[in-house]
Amino acid sequence: MKNKHLLIPVLAIAIIAACKTQQSVSGNASTQQSQFASISAYSRPDYHPTANRLIDITHIKLDVTPDWKKRYLYGKAEITATPYFYPTKTIELDARGMDIKNVIFLDSAMKVQTRDGAIITDWKYENNVIRITLPREYARKEKLYIEIDYTAKPNELKEGGSAAISSDKGLYFIDPDDTDPTIPRQFWTQGETQASSAWFPCIDRPNEKMTTEIYMHVEPNLVTLSNGLLVDSKLDEDGLKVDHWKMNQPHATYLVMMAAGDFKVVKDTWRGKEVSYYVEPEFEKYGRSVFGKTPKMLEFFSTILGVEYPWDKYSQICGREYVSGAMENTTATLHSDFLQMDDRELLDGSFEEYISHELFHQWFGDYVTAESWSNLPLNESFATYGEYLWIEHEYGREWADQHHYESLQGYLYEAGVPHTNPDEPGKMEPLIRFNYEAQEDMFDSHSYNKGGQVLHMLRLEVGDEAFFASLKYFLETNKFQAVEIHNLRLAFETVTGRDLNWFFNQWFMSPGHPELEMTYKWDAAMKRQVVIIEQFQDLSKGAPIFRLPMNVDVYVNGKVKREQIVCDSKRDTFYFDTDAKPDLVNVDPNRPTLCWRIDNHTDAEWAYMYRHAKGYSDRVQAIEAIAPRGAETTVAKQVITEAIHDHHYYIRIQALWRTFAMADSISDQLKQLALKDSSANVRETALYMLTEAGDSVAALEVARQTINDQSYAVFSQSLYAITKYSREEGMKLSAKYENEQHRQIKLALARNYGDHGSDEQQAWFEKTMFTLSGRSQISFLYSYSEFLMHCKTSTVEKSIAGLERLHATSFSTTTKYFSTFVMRRLQLHYTNLATANGEKIEQLGGPKKSNPRIDRLKEEQAEALRMAGILETRRKALK
């Protein structure tokens, strides 16, 4: 699953944890011991072992019909199973919030079993579990056949979720009444983590694998997708189309999916297998622009892993209002609808990392699956590293290292580094962790970002040939199985002949990361360079003293010599013989070691690193270190000025962000970058720096030229710059775009009005917010909250009704949340305003004193409190 990097302002989303629906339906069954193991024997109540396996489901056949009006799914499940090892007379199946109509047993000839002429139906349904008492005790390898008639009611479940996966309803109806012309009618499923049991009875654990087939009854105009291949399609007696999808290879319960809607299918092939992209009709002509590198990715991953793509086909589909970033359902990845882009949007960046991430999951996560959520990094760390591998192959090492460096920053941010706020120490957990509050907690920057960094270090530790040979061995020896971290370690040890316990223990099983300080001393008498490396991570929180094999590059008189060292103590001292004082000593060149570091270099050494070290991470770290003195020292200014013309676009951006204090002196260079740089992202950033630097003449001159740039990002920044320095011109120009229908134009106007608009634009905001969905709507609502904070209170009162209507009519949990978020943000705004006025009143003599200024402040305070009260009352009513 891909769930990171929302393209919206950073917002805290509080989501209530899931509560199971309590329901009981009986059919003569006696209560049996739970199939799923109690964990009371473990010392910690939040310890989560791998689920015990008493029953092995080998095949599930589903026959399902959606009820759009009721938001129900009518289903029949035929389940084939065997006892896993021990004889059993009981089966337990997960089924969340369903109506269970009947459960019957079938014999080996698939005939209904009876006892004394009566159909055997010994079962009980309570606490979201169907407990079935079998006619007799069944031994290992004996097949069981069970048929269940049920109705799934996903919209009636108490909804849970997390920041990573915002809902756990399992089945989602999008515009089910087909009343919104801006939103297509669809349904799709989301199984991870344990939500498949919201739409079909199953053992909803990641270590359960089976083959599947699904018969979907839908309107003839709808296109369907599921796992495996489409076997046939025909009409039933009600005139509905019945699409029969069959998955002939076993896969995990959470990877079972289905979807249907008004999609166009763009088809490719790879080695004779179908590769297809399901998109909304308006994006059909852009399908290959977005997804067209998929066959090339399939070829690359199959070749580098030595294991050919193991499934019968590969499809990708874009679902409206999807609850996460993307999901690697076996053979049928579900993406968010924001991947649907036209050619102009693609100028501002693609989502190749999402596409490669989900595709790499087809090996790591689908073919071989983590046996428990505690072992989730076996899925997500690999998929994250799959992004690196693809970028390295397609665009080169430097582009891959840029992606890797940004991923590292994401992990360090979550880990609370640098330690600037003692009240927020950050999250520091082992990669493999059995203690967590909810399984969704595992979907974090540890499992993704840190895990990808660790795999890269493992690759460097054993070498490329051994790394990929070990992955091939791991995949081939564990195919179609569920595994834990030790399976991966043993695969590497089998291939390499090396003991790697030290590596896996410190990186996978221990929390934290190295925090290093490097100190450099030149010993002129001995003609040697002294390097002291200290590890200062907090050992009291479980972090170890790490063993760190690293390279050291020593630059002397324009030549570089590479040395190898191993840090394994609290303080290590290394000596390097040199004929002269080095120009630079670069510990861990290009920064492959996951760590936080304090590098005590001089500005001259940082400048040397930027100019002479070849790695992306070396150069960007040199910029970050020297930039604070960009307006103070000649060498720092020279480096930043050089870096804004670096050959790598992202280093140009990093350098541009650090030109605030020196923007006046490089105004001409900023203008040229904004007008002529090959990267739309650089053009946007350069214009932003011009705008924020206060150079109204230069910013207006450039913005009037770039307003017609094909990049939407540059267009948005141009409109903003014009309005900032020539409000009348900017507002007239904005008004001309108010009837444009493209989402990016709407977002550009919302951003512009958010800062520079007035009450008269409220009608446009209210009308437009109903025409957007997904992340576009979230960004829009954030701008709407910015806009309303500088409107009259009468305008804000008027806006509340529209937000309530959006909340009432939306079927999206995220939209409902953000409609209340706007109200909550405004409530806090007015509360803070009232507090600030109270402080001013006290400073002027207190509330009992009266003069025109104090009286005016009292009136404003009273109005702010009134608005805060209205917003709080109306917002709470929505919950």
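This structure is a prediction, so every number in the text was calculated from the model and none was measured.

Rules used throughout
- Residues numbered from 1 in each chain as written.
- Predicted model: local features only at pLDDT ≥ 70, side-chain atom pairs only at ≥ 80, totals over all residues.
- Heavy atoms only, no water.
- Helix = DSSP H or I, 4+ residues; strand = E, 2+ residues; numbered from the N terminus.
- Contact = heavy atoms within 4.5 Å.
- Buried < 20%, exposed > 50% of the residue type's maximum accessible area, 1.4 Å probe, protein only.
- Pairing = 2+ DSSP bridges.
- Axes fitted to C-alpha atoms, helices over the stretch in contact; angles between N-to-C directions.
- Patch = residues over 30% accessible without salt bridge, like charges linked within 9 Å, V, L, I, M, F, W, Y side chains within 5 Å.
- Areas by Shrake-Rupley, 256 points an atom, 1.4 Å probe, with all protein chains shown as cover.
- Salt bridge = Lys/Arg side-chain N within 4 Å of Asp/Glu carboxyl O.
- Core = buried A, V, L, I, M, F, W, Y, C linked by side-chain atoms within 4.5 Å.
- pLDDT = per-residue confidence, 0-100.

Undergrad: Please clarify how the side chain of His357 should be interpreted in this entry.
TA: For His357, the position within the fold is in helix α4 (residues 352–361). Those residues in contact with His357 that lie beyond four places of it in its chain are Met1, Lys2, Glu380, Ala383, Thr384, Glu387 and Tyr448.

Undergrad: For this particular structure, what's the right way to read helix α17 (residues 696–706)?
TA: The α-helix winds at 3.6 residues per turn, so residues separated by three or four positions along the chain end up facing the same way. Buried within α17 we find Ala698, Ala699, Leu700, Val702, Ala703 and Thr706. Buried residues along α17 sit against α15 (667–676), α16 (680–692) and α18 (712–725).

Undergrad: Quick question: what am I supposed to make of the sheet that holds strand β29 (residues 571–577) here?
TA: In any sheet, the strands associate via hydrogen bonds between backbone groups, in a parallel or an antiparallel arrangement. Taking strand neighbours across the sheet as the criterion, the four strands line up as β29-β26-β25-β31 in an open arrangement whose pairing is mixed. Each end of this open sheet is capped by a strand with a single partner; those strands are β29 and β31 (596–599). Adjacent strand axes in the sheet meet at a mean angle of 20 degrees, parallel and antiparallel pairs treated alike. As defined by bridge partners, strand β26 (residues 528–535) adjoins β29 across seven bridges and the pair is classed as antiparallel. Counterpart to Ile533 in the pairing with β29 is Asp572.

Undergrad: Help me understand the sheet that holds strand β15 (residues 229–235) in this model?
TA: Strand order across the open sheet formed by seven strands is β5-β10-β3-β2-β13-β16-β15, with mixed pairing between neighbours. Lying at the two open borders of the sheet, with one neighbouring strand each, are β5 (99–106) and β15. Each strand of the sheet is rotated relative to its neighbour by a mean of 15 degrees, with strand direction disregarded. Here strand β2 (residues 55–67) pairs with strand β3 (residues 72–83) via twelve bridges, running antiparallel. Residue Asp67 lies in a different strand from β3, and its bridge partner there is Tyr72.

Undergrad: Hey, could you run me through a nonpolar patch on the surface in this one?
TA: The grouping of Tyr84, Phe85 and Tyr86 at the surface amounts to a nonpolar patch, some 370 Å² of accessible area in total. Within the element layout of this structure, Tyr86 appears in the loop between β3 and β4 (88–94).

Undergrad: Would you mind going over the nonpolar core with me for this structure?
TA: It is characteristic of soluble globular proteins that their nonpolar side chains tend to be buried jointly. If you look at the biggest cluster of nonpolar residues, it comprises 90 residues, and the most contacted ones within it are Trp363 and Ile533. Tallying contributions element by element places helix α5 (residues 377–395) first for this core, with seven residues. Setting aside residues up to four positions removed in sequence, Trp363 forms contacts with Leu298, Phe301, Ser302, Leu305, Val307, Glu308, Tyr309, Pro310, Val368 and Leu475. With 85 residues, the next largest nonpolar core counts Val620, Leu673, Tyr712 and Leu826 among its residues.

Undergrad: Explain the side chain of Glu398 here, please?
TA: Looking at the element boundaries, Glu398 is found in helix α6 (residues 397–414). Given a relative accessible area of 18%, Glu398 falls into the buried group. Non-local contacts of Glu398, meaning those with residues more than four positions away in its chain, are made with Lys614, Tyr616, Arg619, His647 and His648.

Undergrad: I keep staring at the confidence of the model for the protein chain and nothing clicks. Help me out?
TA: Any region with low pLDDT has predicted coordinates that should not be read closely. With 94% of its residues at a pLDDT of at least 70, the protein chain reaches an overall mean of 92. In the model, residues 4–42 has pLDDT below 50 throughout and makes 97 contacts with residues more than four positions away in sequence or in other chains.

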